[in-house]
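# Working through the structure, step by step
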Amino acid sequence: MVYNLYMPERKKISVLTCLFFIFFILLPERAAGEVFEFKHTQGTQYRILSTVDQAVFINGILSHRGEVLNRIAVEVKSVRDGTGLHRAVFQTSERLIYDSQQSTQSSVTGFQWSREYESVFERDKLGYLTIGPQYYMPVVRNVPVFPGRSLRVGERWHAEAHEVHDFRDAFGIPEPYRIPFNAFYEYVGERQWKGKNYPAFSVNYNIESRPPPVLGRTFPVRISGTFNQLVFWDRALGQPVAYNENFRISFEMSDRRRIEFRGTAEAQFIESENMDRQQIITEIAEEINRLAIPDVNVRAVEEGISISLDNIGFYPNSDRMLPGELDKLDRIAAILMRYRDRDIMVSGHTALAGTAEERMRLSQERARAVADYLLSRNVRTSDRIVTRGYGAERPIADNSTEEGMRRNRRVEITILEN
């Protein structure tokens, strides 16, 4: 704020008056503290990218270590009385770094798609969520929430919250699994993230629970854990711009196993403009023609813009590409470099041959082989490529003909919208 101290009467302001002004006007304004509130604007779209690096121990012995990548696309559908109705899509991907069964360090490649969730919820300006019991995401709910008053550095507050987990695959628990806790907050003042200062607060919570039995192959009989976060707040956006966390959580199971997760996590808010899909399709199609890339086409799909490599050549039942295919990928790589601000997904597809398990495995391996080659050409970093295998689930032609099967054996590289 700039104050004009030159009066119309051209009288000088005394030193005493200046000191009075500083101590009794400016300082109280500073001492008023920080007010944290979520701001919701209808039509706002953004995404959140979070990564989790964790080690998993079973009965105290390291089982495996891996990374989880979460991409979250959010749209504020409407706002009423400061409460925003949100629609969000959560995509989780994983990659294995160490597996005790193999007793070796895995080569670090792109992430393998794991699962996708949709969720609809309301969030008020203090951070409290209203959400249906059927939704698995977001995992942590009512964090952060605020007391609705001005906060000075060092002030603390607390609130009830809970986590919701998807234990269908791991434990056979069919419903979202809820773990309650109390979260404790402290406003710690300005902190720097990526060279810029933001008001920040810590979030700490402990979990110590002996939950009742639930339906499943096995279920937790005791849960304990500690979580410590530092959240960087963007005043203009009215929401976190980033956070980092360390955590430990242990599950003692009804089958007498003790499963413990230890690790770190970080997340960041990312604003990205919507694609001009038709313009990008036109640009890519022109490049495909100019570079004379055979058996390649481009089209809009739900996730973004897909470049389909039809009939990409692999040795039979293998993820080894035939000679000449790498030259094709080099030319595709040159196109992808034009859109470096977008993440990509590489998906593998097969014709209707062999068993469903064999088709899925082969499609995953071939997608990974293409992604690894793009990584070697520095098209993207490993945290910005996701691979997914579809087997024969998404044919684009008739599998009863040789030509149709040829077209269905393909790899698609999708430039992701959000």
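Residues numbered from 1 in each chain as written. Predicted model: local features only at pLDDT ≥ 70, side-chain atom pairs only at ≥ 80, totals over all residues. Heavy atoms only, no water.

Turning our attention to the nonpolar core. In terms of nonpolar packing, the biggest core is built from 36 residues, with Tyr185, Phe201, Val203 and Ile207 touching the most fellow members. Where this core is concerned, the elements lending two or more residues are strand S1 (45-58), strand S8 (156-165), strand S9 (177-193), strand S10 (196-209), strand S11 (220-234), strand S12 (239-253) and strand S13 (258-270). Among the elements that take part in this core, S9 stands out by supplying six residues, more than any other. Sequence-distant contacts of isoleucine 207, defined by excluding residues within four places in its chain, comprise Glu163, Ile179, Phe181, Ile223, Ser224, Gly225, Phe227 and Ile249. Among the nonpolar cores identified, the runner-up in size contains 34 residues, and Ile281, Ile288, Val296 and Ile305 belong to it. (Core = buried A, V, L, I, M, F, W, Y, C linked by side-chain atoms within 4.5 Å. Buried < 20%, exposed > 50% of the residue type's maximum accessible area, 1.4 Å probe, protein only. Helix = DSSP H or I, 4+ residues; strand = E, 2+ residues; numbered from the N terminus. Contact = heavy atoms within 4.5 Å.)

What follows deals with the packing of aromatic side chains. Tallied over the entire structure, the rule returns 24 aromatic pairs. An aromatic cluster of three or more residues is present, and its members are Phe36, Phe38, Phe146, Trp157, Tyr185, Tyr187, Phe201 and Trp233. Positioned above the aromatic ring of phenylalanine 38 is the side chain of arginine 123, whose terminal nitrogen or guanidinium carbon lies 4.7 Å from the ring centre. Sitting above the plane of the phenylalanine 57 ring, arginine 262 keeps its charged end 4.0 Å from the centroid. (Phe/Tyr/Trp six-rings, centres within 6.5 Å; stacked < 30°, edge-to-face > 60°. Lys NZ or Arg CZ within 6 Å of the ring centre and 35° of its normal.)

If you check helix H5 (residues 356-376), its first and last C-alpha atoms are 30 Å apart, about what 21 residues at 1.5 Å a residue would give, namely 30 Å. Turning to H5, the residues buried within the fold contact helix H4 (325-336), strand S16 (344-349), strand S17 (385-389) and strand S18 (410-416). A positive phi of about 60° marks asparagine 378, the residue just after H5. (Expected span 1.5 Å × (residues − 1).)

In this section: the pairing of S17. Remark: a regular strand shows side chains that alternate across the two faces of the sheet. Buried residues dominate S17, accounting for five of its five residues. As paired strands, strand S5 (residues 111-123) and S17 are joined by two bridges and run parallel to one another. Paired with phenylalanine 111 across the bridge in S17 is valine 386. Here S16 runs beside S17; their pairing, made up of five bridges, is parallel. Note on S17: the bridge partner recorded for valine 346 is threonine 387. The parallel pair S16 and S17 is bridged by H5, and the resulting crossover is right-handed. (Pairing = 2+ DSSP bridges. Right-handed = clockwise from strand over helix to strand, strands pointing away.)

Along the chain, the position of aspartate 81 falls in the loop between strand S2 (61-80) and strand S3 (83-99). Looking at aspartate 81, the relative accessible area reads 77%, which means it is exposed.

The next thing to look at is unusual backbone geometry. With an omega of 0°, the peptide bond running from methionine 137 to proline 138 counts as cis. Looking at the element boundaries, proline 138 is found in the loop between strand S6 (129-131) and strand S7 (140-141). Here the residue pair valine 143 and proline 144 is connected by a cis peptide bond, since its omega of -5° sits within 30 degrees of zero. Mapped onto the fold, proline 144 is located in the loop between S7 and S8. In this model, arginine 256 sits at a positive phi of 75°, which is unusual for a non-glycine residue. Looking at the element boundaries, arginine 256 is found in the loop between S12 and S13. Residue class for arginine 256 comes out exposed when judged on its relative accessible area of 78%.

Moving on: the pattern of salt bridges. Applying the stated criterion across every chain, the model contains 32 salt bridges. A salt bridge links arginine 87 to glutamate 118; its shortest N-O distance comes to 3.2 Å. Here arginine 87, found in strand S3, pairs with glutamate 118, found in strand S5; they are 31 residues apart in sequence, far enough to count as distant. For glutamate 118, a relative accessible area of 48% puts it in the partly exposed group. Put simply, arginine 149 and glutamate 155 hold a salt bridge, and the shortest N to O gap is 2.9 Å. When its relative accessible area of 37% is taken as the criterion, arginine 149 is described as partly exposed. Overlapping salt bridges bring together Arg47, Arg71, Asp343 and Arg384 as one network. (Salt bridge = Lys/Arg side-chain N within 4 Å of Asp/Glu carboxyl O.)

Time to look at the side chain of aspartate 310. The residue aspartate 310 is located in strand S15 (residues 304-310) in this model. Within the structure, aspartate 310 has its side chain in polar contact with the side chain of asparagine 297 (distance 2.9 Å). Residue contacts for aspartate 310: discarding those within four places in its chain leaves Asp295, Asn297, Lys328, Ile396, Arg407, Arg409 and Arg410. (Polar contact = N/O pair within 3.5 Å; in protein donor to acceptor, adjacent residues only side chain to side chain.)

Among the secondary structure elements, serine 306 is positioned in strand S15. Judged by relative accessible area, serine 306 falls into the buried class, the value being 0%. Those residues in contact with serine 306 that lie beyond four places of it in its chain are Asn297, Val298, Arg299, Val301, Glu412, Ile413 and Thr414.

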